[in-house]
Each structure stands twice: as C-alpha cells, then as structure tokens.
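# Report on the structure
Residue strings, one per chain:
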Amino acid sequence: MIKACIFDLDGVIVDTAVYHYQAWKRLANELGFDFTEHQNEQLKGVSRVRSLELILGWGNVTKTTAEQTELATRKNKWYVEMINRMQPSEILPGAKEFLQVARAAGLKTALGSASKNSATILERVGLLPLFNAIVDGNHVTASKPDPEVFLKGAEALGLNPVECVVFEDAIAGVQAAKAGGMKVVGIGSPDVLTAADLVIPGLHEMTLEKLQALNSVQKY
Ligand code: G6P
Ligand code: MG
C-alpha cells in the first residue's frame, strides 16, 4: 500500500533549472567559453561538484581540486542570490495543490533532492510546512542514480521503500528511485523518462487515483 510521496525539488516542485543555468553560464563565460541549453539538460539532477566537472569538460578546461571548490562556491553564491528572491508564484503548476491533497488523504510527504539549497527554496516559496521530512544534498554521500537520497527519505518517514512513490524529472532520478525499489512518477516526457511507471507533464495532472493505481503497475 502506498503511504508516502517523495518529491524531487528542481523541475518537480519549482523551476530552478533556469537559475542553475544562468549561474553556470556566467561561470563558463568568465572562464572564456559557453554551453548550450541542450547541454544544460545533462546537468539536471546532477550534484554541484559533478555539474562543474561536466562543464569544465565541455570547455576543455582543467582545474585543480582547490580551484574547482572555488568555482563551485562562486557559482553557488550567484545561484543563492537568485533563489533568495524567489516568490510563491514560482511553484510549478499543481505542486502545492497535490502536496495538500496527498497530506489531506493521510499520506506522508518528503523531499529527496540533490540540492544543498532545498531548505532555502522551500522556505522562500512557502512550502516547508507541507513536508514531513527533508533529505537533500546535505544528507547524502552518493548522487542519483544511487538511491541513497530516496532510501533516506523513506527511512526518515519510518516507511519501507515499497510504500513510497517518487516524483522525478531527471533520468538519473528515475533510475535512483527504481534502484531503491520504489514506484516512480516521471515529470516530463515519456520518450525521455522511459523507466518511469507513469509519466505526466506536471503535478497538475496528478491525482490520488493515479497514485493508488501504481500499485498494480509492474515495470522494471
Ligand atoms: C538538483 C538540480 C541540479 C543541481 C543539484 C545541486 O539536482 O537538478 O541541477 O546541480 O540539485 O544543487 P545545489 O543547489 O546544491 O547546487
Ligand atoms: Mg529535478
């Protein structure tokens, strides 16, 4: 029986991808190169450190570990400046409503995000009270597609992974949920999120009926 929903943050609850993109682009430009919006897709769901490695690779730039730390810190400073100005209007359509419906139905809710800035974002947009547990980049050592973040989410809720449904927009996130033995609802395109048990364009299309119907879906 499904007892909880675990949500990714970026691209599921809020669209912060645009801020990540602006900050990474600014950093790349300062280093003398650029990257495309298409390349940016590969950064979704990927940790800050790994994102920087990918970007430096695209620019054929080599940096020491200490330099990489400084660059990631610089990017994060710009990113935090932007998310500190976020408004509740930046919550993706249907996200708040589905959180409320789920909780009213007695389901538990958790966040399972790679971001180390999740608490700031949820607080800014006023969604913090709608989560029973927050597990994010500050609490895990392994990045998606490793299931650690979602397993810790289930644990924080006192539930078994099979009792939790994950909501994810990134391929790595869908893989992580599957590796953790959870059902997963993909947010985006079925052509991209092929391993998800169900794919919807956004949480505005989610209902409790669709959630409970996942119990009878068998997809591996
Ligand atoms: C999410 C985003 C990624 C981001 C990562 C780390 O997974 O989709 O684009 O790199 O979080 O975010 P942070 O806020 O810790 O830099
Ligand atoms: Mg995401």
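Here's what I pulled together on the structure shown here.

### Digging into the packing of helix H1 (residues 17–30) against helix H3 (residues 48–58)
Direction vectors running N to C along H1 and H3 enclose 40 degrees, while the axes themselves pass 11 Å from each other. Between H1 and H3, the angle is such that the two are oblique. Note that H1 runs across H3; the crossing there is right-handed. On H3, the residues touching Trp-24, Leu-27 and Ala-28 of H1 are Arg-48, Ser-51, Leu-52 and Ile-55. Of the residues in the contact of H1 with H3, the class split is five nonpolar, one polar and one charged.

### Description of the coordination of the magnesium ion (ligand 2)
Around the magnesium ion (ligand 2), the donor atoms from the protein are Asp-8 (OD), Asp-10 (O) and Asp-169 (OD), and they sit 2.0 to 2.2 Å away. In primary-sequence terms, the residues that donate to the magnesium ion (ligand 2) follow D-x1-D-x158-D.

### Examining the sheet that holds strand S2 (residues 108–112)
Spatially, S3-S2-S1-S4-S5-S6 is the arrangement adopted by the six strands of the open sheet, whose pairing is parallel. Each edge of the open sheet carries a strand with a single partner, namely strand S3 (133–135) and strand S6 (198–200). If you compare each strand with its neighbour and ignore which way they point, the axes differ by 20 degrees on average. Running at roughly 155 degrees to strand S1 (residues 4–7), helix H5 (residues 95–104) makes contact with S1, S2 and strand S4 (164–168) of the sheet.

### Focus: the site of ligand 1
Around ligand 1, the structure places 14 residues, and the nearest of them are Val-46, Arg-48, Ser-115, Lys-116 and Asn-117. Here an oxygen atom of ligand 1 sits 2.7 Å away from a polar atom, N or O, in the side chain of Ser-115. A distance of 2.6 Å separates an oxygen atom of ligand 1 from a polar atom in the backbone of Lys-116. Considering ligand 1 on its own, with 390 Å² of exposed area, one finds that the protein chains cover 96% of that surface. According to the grid-proximity analysis, the pocket containing ligand 1 is the largest pocket. A per-class count over the shell around ligand 1 returns four nonpolar, six polar and four charged.

### Considerations on the nonpolar core
The biggest cluster of nonpolar side chains holds 49 residues, and the ones touching the most others in it are Phe-7, Ile-13, Leu-127, Phe-167, Leu-203 and Leu-211. Of all the secondary-structure elements, those providing two or more residues to this core are S1, H1, H3, helix H4 (65–83), H5, helix H6 (118–124), S4 and strand S5 (183–187). Look past the residues within four positions of Leu-127 in its chain and what remains in contact with it is Ile-13, Ile-91, Lys-96, Leu-99 and Leu-122. With 20 residues, the next largest nonpolar core counts Ile-6, Ala-110, Leu-157 and Leu-159 among its residues.

### Points about the layout of surface pockets
Left-over empty space is what a probe sized like a water molecule reveals as it rolls over the atoms. By volume, the largest pocket is sized at about 670 Å³. Every residue lining the largest pocket is counted, 36 residues in all, and those nearest its centre are Val-46, Ser-47, Arg-48, Ala-114 and Ser-115. Elements that contribute at least two residues to the lining of the largest pocket include exactly H1, H3 and H4. Top element by residues in the lining of the largest pocket is H4. It accounts for seven residues.

The rules behind these values
- Residues numbered from 1 in each chain as written.
- Chains lettered and ligands numbered in written order.
- Predicted model: local features only at pLDDT ≥ 70, side-chain atom pairs only at ≥ 80, totals over all residues.
- Heavy atoms only, no water.
- Axes fitted to C-alpha atoms, helices over the stretch in contact; angles between N-to-C directions.
- Helix = DSSP H or I, 4+ residues; strand = E, 2+ residues; numbered from the N terminus.
- Parallel < 35°, antiparallel > 145°, perpendicular 65-115°, else oblique.
- Left-handed = near helix turned anticlockwise from the far one by under 90°.
- Contact = heavy atoms within 4.5 Å.
- Nonpolar A, V, L, I, M, F, W, Y, C, P; charged D, E, K, R; others polar.
- Donors = N, O, S within 2.8 Å, 3.2 Å for Na, K, Ca; no water.
- Pairing = 2+ DSSP bridges.
- Near = heavy atom within 4 Å.
- Polar contact = N/O pair within 3.5 Å; in protein donor to acceptor, adjacent residues only side chain to side chain.
- Areas by Shrake-Rupley, 256 points an atom, 1.4 Å probe, with all protein chains shown as cover.
- 1 Å grid on protein atoms, 1.4 Å probe; cavity = no way out; pocket = protein on both sides within 12 Å on 5 of 7 lines; lining within 4 Å.
- Sits in = over half its atoms within 2 Å of the grid points.
- Core = buried A, V, L, I, M, F, W, Y, C linked by side-chain atoms within 4.5 Å.
- Buried < 20%, exposed > 50% of the residue type's maximum accessible area, 1.4 Å probe, protein only.
- Points joined across faces, edges and corners; volume = space filled by probe spheres on them.

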